[in-house]
Amino acid sequence: MARRSRTALPKYVSPARDRYKNVRLRFRKGLFSTYLKSEFPSDAFDQEYQAALRSEKAAHGEIGKARTKAGSMAALVVSYYASPEFRGTATSTQTTYRGICERVRQDHGDRMVKDLRRQHVKAIIGKKSETPAAANNYLRMLRILMRHAIDIEWIARDPTLALKGYSSKTKGFHTWTEAEIAAYEAKHPIGTKPRLAMALMLYTGQRRGDAVKLGWKDVSKDRISVRQEKTGTPLKIKMHGSLMEALEMAPKEKPAFLLTAFGKPFTAAGFGNWFRDRCNEAGLPHCTSHGLRKAAARRLAEANNSANQIAAVTGHRSLKEVERYTRDADQQMMADAAVATMPERSDRKKKIAQQIDIVGQSDI
């Protein structure tokens, strides 16, 4: 139930005067704000409150719909929030998309979608040249919105089509090296929670949001089951011996292997902050939890596993993504192994064959 008592308002809800000076109950959480129309306390209010927590209005349409101009970018954002394409994405993806969409709405909400041209988009992205990664994300979101505009027949052509973003000058999150893994393990030995956290990330190759949800409920014999939040991909991964050793200290009959100081499962962000401190303690301020996922992919690549085999562990749906994750595989070691498989030069092979033939004739 939403309410804690008959009088105390739930979290994010407070009395506020609307533009007609009437006192109403307003829900505000981050960028999302809406008035709750049902009487408090009541079951109808609880339903509206729960819907507001999901950043939507129950049975009253999307936020801002009544205040947006038909055909505008703001109206397009509202329409996109209600689309199956948006609602079908993972919660974490929705949060990311919503953040960028709200910036689009703030920057260009009054613009009419039908008037948006290619040169306008180029100018919008050009103004963000000092933050190329943010500019690329902005362009990517505009593409999604324009595809939605085409789908609902607001426009016939996509003004973002074939527009290029800024070239990526970074490799993203740093991939842990073997020396860095050893340094962390030396600081956090087997039997400690920090070591369990590393093993869980390194030997399953999962994102932190999935790793923090894993518990004994997901273990069957020597396998651990994961359903990835971002893609919905179900995985059953054989547990490495080092992971099984680390799990010996994991609490039994708890919802997750990794628990906060209050005995509750971590959130993805909370775990990231906690793990950041553990890396700092090991003298690895540039290392992150996501870098362990990349290190797992690197190790698998260095062991000559195929892209499909690596994807079977990490859950990547695109082999291109696997290639990006394994880019830091030990080039020299893999090149040595590859060169060793190359055949001898043709004239040497012929000479060896002649020598074998001579030896064979002498034995007759």
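Before any of the text, the structure's been laid out above.
I will try to describe carefully the structure that is included in this document. (Residues numbered from 1 in each chain as written. Predicted model: local features only at pLDDT ≥ 70, side-chain atom pairs only at ≥ 80, totals over all residues. Heavy atoms only, no water.)

Here we take up the pattern of salt bridges. Scanning all chains against the criterion turns up 9 salt bridges. Residue aspartate 218 is joined to lysine 217 by a salt bridge in which the shortest nitrogen-to-oxygen separation is 3.3 Å. Measuring nitrogen to oxygen at the nearest pair gives 2.8 Å for the salt bridge that ties arginine 278 to glutamate 281. Here arginine 278 pairs with glutamate 281, and both are found in helix H11 (residues 268-281), just 3 residues apart, close to one helical turn. The network of salt bridges with common partners includes Glu178, Arg298, Arg299 and Glu302. (Salt bridge = Lys/Arg side-chain N within 4 Å of Asp/Glu carboxyl O. Helix = DSSP H or I, 4+ residues; strand = E, 2+ residues; numbered from the N terminus.)

Let's shift gears to the sheet that holds strand S5 (residues 223-227). Taken together, the 3 strands give an open sheet; going across it, the order is S4-S5-S6, and neighbouring strands pair in antiparallel fashion. Lying at the two open borders of the sheet, with one neighbouring strand each, are strand S4 (219-220) and strand S6 (234-238). Sheet topology places S5 next to S6; 5 bridges connect them, and they run antiparallel. Residue isoleucine 224 lies in a different strand from S6, and its bridge partner there is isoleucine 237. (Pairing = 2+ DSSP bridges.)

This brings us to the packing of aromatic side chains. This model, assessed by the stated rule, comprises 14 aromatic pairs. Residues phenylalanine 27 and tyrosine 49 carry aromatic rings whose centres are separated by 5.9 Å and whose planes lie at 75° to one another, so their mutual orientation is edge-to-face. Residue phenylalanine 27 is found in strand S2 (residues 23-29), and its partner tyrosine 49 is found in helix H1 (residues 43-53); the two are separated by 22 residues along the sequence. For tyrosine 49, a relative accessible area of 6% corresponds to the buried category. Plain terms: the ring middles of phenylalanine 266 and phenylalanine 271 are 5.8 Å apart, the flat faces sit at 75° to each other, and that makes the pair edge-to-face. Exposure remark for phenylalanine 271: the relative accessible area of 0% places this residue in the buried category. (Phe/Tyr/Trp six-rings, centres within 6.5 Å; stacked < 30°, edge-to-face > 60°. Buried < 20%, exposed > 50% of the residue type's maximum accessible area, 1.4 Å probe, protein only.)

No statement about biological role is implied by the geometric values presented.
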